[in-house]
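Overview (structure and organization)
In case you want the letters, here they are:
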Amino acid sequence: MSENSEAPGTPPAAAATGSGGGAPTPPGPQPEPIRFFGTTWVDHDGGYGLRRVGVAAGSLAAAVGSCLALRFAYQGLAIAEVDSIVGMLVIVMFAVCSAIAFRKTWECFGARPKDPAREDSLRGLKSIGFIGSLLAYFFRSLIEAPGEKLHRAEYESARTQFEKRRATRTGNPAARKRPKRR
């Protein structure tokens, strides 16, 4: 969440009218954009429903296409006449990696990773199990924009903290009138 209403290096006039020259940017924290959705998740406007349908269809189509590619790879193993144990290992490897990738991707939609270093070490495993990640993206987009619940909770918390800090301010100390000295 960014609490700055203007980007670094922008003139004050551009910050007052927003980046597009439209409505002024409200003070306080700004919502974090979500991939494919931008900030439409905040008010569910700007084609939010169509975007969810598109993301769901796209992730499902990518998962189906990936399964077909893996099927061709498995047929290549059969054509190469490798031992049946190798074929079973390949199937088990993709199934286990996909299950782990699905679980980790689903968990990331609800909470930030507690240990980012561990998440980085799982990146290779998640890329092998990419079908699981695509399916997690598909199922989550049927419910909401993937990551919307987490982003909404963080945004609401930041807005609440901002309003609380703003309400407890006593004003500009330099603008206070000083008592006259005699």
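What counts and what doesn't
Residues numbered from 1 in each chain as written. Predicted model: local features only at pLDDT ≥ 70, side-chain atom pairs only at ≥ 80, totals over all residues. Heavy atoms only, no water. Helix = DSSP H or I, 4+ residues; strand = E, 2+ residues; numbered from the N terminus. Expected span 1.5 Å × (residues − 1). Buried < 20%, exposed > 50% of the residue type's maximum accessible area, 1.4 Å probe, protein only. Contact = heavy atoms within 4.5 Å. Patch = residues over 30% accessible without salt bridge, like charges linked within 9 Å, V, L, I, M, F, W, Y side chains within 5 Å. Areas by Shrake-Rupley, 256 points an atom, 1.4 Å probe, with all protein chains shown as cover. Salt bridge = Lys/Arg side-chain N within 4 Å of Asp/Glu carboxyl O. Core = buried A, V, L, I, M, F, W, Y, C linked by side-chain atoms within 4.5 Å. Axes fitted to C-alpha atoms, helices over the stretch in contact; angles between N-to-C directions. Left-handed = near helix turned anticlockwise from the far one by under 90°. Nonpolar A, V, L, I, M, F, W, Y, C, P; charged D, E, K, R; others polar. Phe/Tyr/Trp six-rings, centres within 6.5 Å; stacked < 30°, edge-to-face > 60°. Lys NZ or Arg CZ within 6 Å of the ring centre and 35° of its normal.

To continue, consider helix α6 (residues 130-143). Think of an α-helix as 3.6 residues a turn; residues three or four steps apart then line up on the same face. Its 14 residues place the ends of α6 20 Å apart at the C-alpha level, agreeing with the 20 Å of an ideal helix rising 1.5 Å per residue. Considered for burial, the residues of α6 that qualify are Ile131, Gly132, Ser133, Ala136, Tyr137, Phe138, Arg140 and Ser141.

Here Glu119 shows up in helix α4 (residues 116-121). With residues up to four places along the chain from it excluded, the contact list for Glu119 reads Lys104, Cys108, Pro113 and Lys126.

What follows covers a nonpolar patch on the surface. A surface patch of nonpolar side chains, about 360 Å² in accessible area, is lined by Leu60, Val64, Leu68 and Phe72. With respect to the helices, strands and loops of the structure, Leu60 is situated in helix α2 (residues 48-79).

Now for the nonpolar core. Formed by Ile34, Phe37, Trp41, Val42, Tyr48, Val55, Phe109, Ala136, Tyr137, Ala145 and Tyr155, the largest nonpolar core amounts to eleven residues. The set of elements that each furnish at least two residues to this core consists of α2 and α6.

Here helix α3 (residues 84-110) crosses α6 at 35 degrees, and the two axes come no closer than 6 Å. Crossing of α3 over α6 shows right-handed handedness. Residue-level inspection shows Phe94, Ser98, Ala101, Phe102, Thr105, Trp106 and Phe109 of α3 in contact with α6, the latter providing Phe130, Ile131, Gly132, Ser133, Leu135, Ala136, Tyr137, Phe139, Arg140 and Ile143. Here the contact of α3 with α6 is built from residues that sort into twelve nonpolar, four polar and one charged.

Turning to the packing of aromatic side chains, a few remarks are in order. A full pass over the atoms with the stated rule returns eight aromatic pairs. Considering the side-chain rings of Trp41 and Tyr155, the 6.2 Å spacing of their centres and the 85 degrees angle between planes classify their relative orientation as edge-to-face. Here Trp41, found in the loop between α1 (12-17) and α2, pairs with Tyr155, found in helix α7 (residues 148-168); they are 114 residues apart in sequence, far enough to count as distant. As far as burial versus exposure is concerned, Trp41 and Tyr155 are alike and both buried. Among the aromatic side chains, those forming a connected cluster through ring pairs are Phe36, Phe102, Trp106, Phe109, Tyr137, Phe138 and Phe139. The ring of Trp106 has Arg140 sitting right over it, with the charged end atom 4.9 Å from the ring centre.

For the rest of this paragraph, the subject is α2. Here α2 contains 32 residues, and its C-alpha end-to-end distance of 46 Å stays within 8% of the 46 Å for a straight helix at 1.5 Å per residue. Within the span of α2, buried status applies to Tyr48, Arg52, Val55, Ala56, Ser59, Ala63 and Ser66. At the C-terminal side of α2, Glu81 shows a positive phi close to 55 degrees.

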